[in-house]
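These are the residues of each chain, in order.
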Amino acid sequence: MNIIRRKGWALPESAVTPREFVLNRRALMGAPALLAAGPALAQTGAIPPLPEHTRNAAFDGGRAITAEREATNYNNFYEFGTYKGIARDAQRMPRRPWRLKVEGLVENPREFEIDDLIRMMPIEERVLRLRCVEAWAMTVPWSGFALKALLDVVKPMASAKYLAFQTASIPSVMPGLRQSWYPWPHTEACTIQEAGNELSFMAVGMYGNPLPAQNGAPIRVLFPWKYGFKSGKSIVRINFQEQRPDTFWGTIQPQEYGFWANVNPEVPHPRWSQASERLIGSGERVPTRIWNGYGEQVASMYEGMRGERLFL
Ligand SMILES: Nc1nc2c(c(=O)[nH]1)N[C@H]1C(S)=C(S)[C@@H](COP(=O)(O)O)O[C@H]1N2
Ligand SMILES: [Mo]
């Protein structure tokens, strides 16, 4: 058994709040919005360690785990900027307090305080591959819970066909939100059937520790068989709805980033091949696999679907 404990050096966030964040708060003290948020920001503090949990041997990643410093320093998180080096600036994002609303067509709509949610869910570790549409990939030990377990708590109604995952918008720390041509807030979506698939995962940690800001703290979704842009970060709201939600990338460029976005080496992006992928860290190139190698768990969901562009 593989028990995951926090590292001894895991500190309350207040002890590691970077200087820029402190300066930023002071610089903006006069802003009415921030005054309103003042008490909440003042409480930005302890991030509890993850509860003890074990690795689920059914998800071993199938390849070498990416070095932690690579996976946490090469990111896509457009709220902080459109370049890969957003990790440092993302530290300004307050990770507590944090609430996740789960609402819409569910019998038990809930607003979870994040640490209550983590305490109540069955936390496990899974090593999963993440494949970005830009043709790089990483393999990460994520801690979290099956999205299915959340469905069991909120109980979707029969009319719920889709889930929309909305990322936090915090203009005071997310300079990307000023790029007003993007359809903020970042929203991505899946079907109710995809949400109930055992592979759909809500991550709250990686490498045994709470998620770092740049990877989507404190909670993000993962659809390991789809291109990474479907896996929204820093989620504040999950809405169950009947209509297919408008999505971030589907609004920007629907011809290049479709709703389904399942990984397939034989369906090129209009501007580049998807036949192979680069493993971040090692730089090695390996062949891309259909469904990112997870066909056994997911392919049957799409059997017989007609008229849908399943692969981008
Ligand atoms: N809110 C939000 N979520 C997001 C993104 C983003 O820009 N904003 N980028 C996506 C893309 S394109 C990828 S590949 C993954 C990257 O996750 P990582 O930085 O943890 O590797 O996050 C996805 N989730
Ligand atoms: Mo991506």
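- Per an unreviewed UniProt entry, the recorded name for the protein chain is Protein-methionine-sulfoxide reductase catalytic subunit MsrP, and the organism is Rhodovarius crocodyli.

## Re the packing of aromatic side chains
Okay, step 1: In the structure shown here, the tally under the stated rule is 19 aromatic pairs.
Okay, step 2: Clustering of aromatic rings is evident, with ring pairs tying together Y78, W181, Y182, W184, F229, F248, W249 and Y257.
Okay, step 3: K84 extends its terminal NZ or CZ atom over the ring of Y74, reaching a point 5.7 Å from the ring centre.
Okay, step 4: The side chain of K230 reaches across the aromatic face of F259, ending 4.3 Å from its centre.

## Quick word on the side chain of Q274
Okay, step 1: In this structure, Q274 sits in the loop between α9 (248-252) and β13 (276-279).
Okay, step 2: Side-chain polar atoms of Q274 contact the side chain of R131, separated by 2.9 Å.
Okay, step 3: Filtering out sequence-adjacent residues up to four positions away, Q274 remains in contact with R131, V133, A135, Y227, N264, P265, V267, P268, H269, T288 and L312.

## Here we look at the site of ligand 1
Okay, step 1: What surrounds ligand 1 is a group of 17 residues, the closest being Y78, E79, R220, S231 and K233.
Okay, step 2: A distance of 2.9 Å separates a nitrogen atom of ligand 1 from a polar side-chain atom of T167.
Okay, step 3: One nitrogen or oxygen atom from the main chain of S231 is found 2.9 Å from a nitrogen atom belonging to ligand 1.
Okay, step 4: When ligand 1 is considered free in solution it has 530 Å² of accessible area, and contact with the protein chains removes 98% of it.
Okay, step 5: Looking at the shell around ligand 1 residue by residue, the classes come out as 6 nonpolar, 8 polar and 3 charged.

The rules behind each value
- Residues numbered from 1 in each chain as written.
- Chains lettered and ligands numbered in written order.
- Predicted model: local features only at pLDDT ≥ 70, side-chain atom pairs only at ≥ 80, totals over all residues.
- Heavy atoms only, no water.
- Phe/Tyr/Trp six-rings, centres within 6.5 Å; stacked < 30°, edge-to-face > 60°.
- Lys NZ or Arg CZ within 6 Å of the ring centre and 35° of its normal.
- Helix = DSSP H or I, 4+ residues; strand = E, 2+ residues; numbered from the N terminus.
- Polar contact = N/O pair within 3.5 Å; in protein donor to acceptor, adjacent residues only side chain to side chain.
- Contact = heavy atoms within 4.5 Å.
- Near = heavy atom within 4 Å.
- Areas by Shrake-Rupley, 256 points an atom, 1.4 Å probe, with all protein chains shown as cover.
- Nonpolar A, V, L, I, M, F, W, Y, C, P; charged D, E, K, R; others polar.

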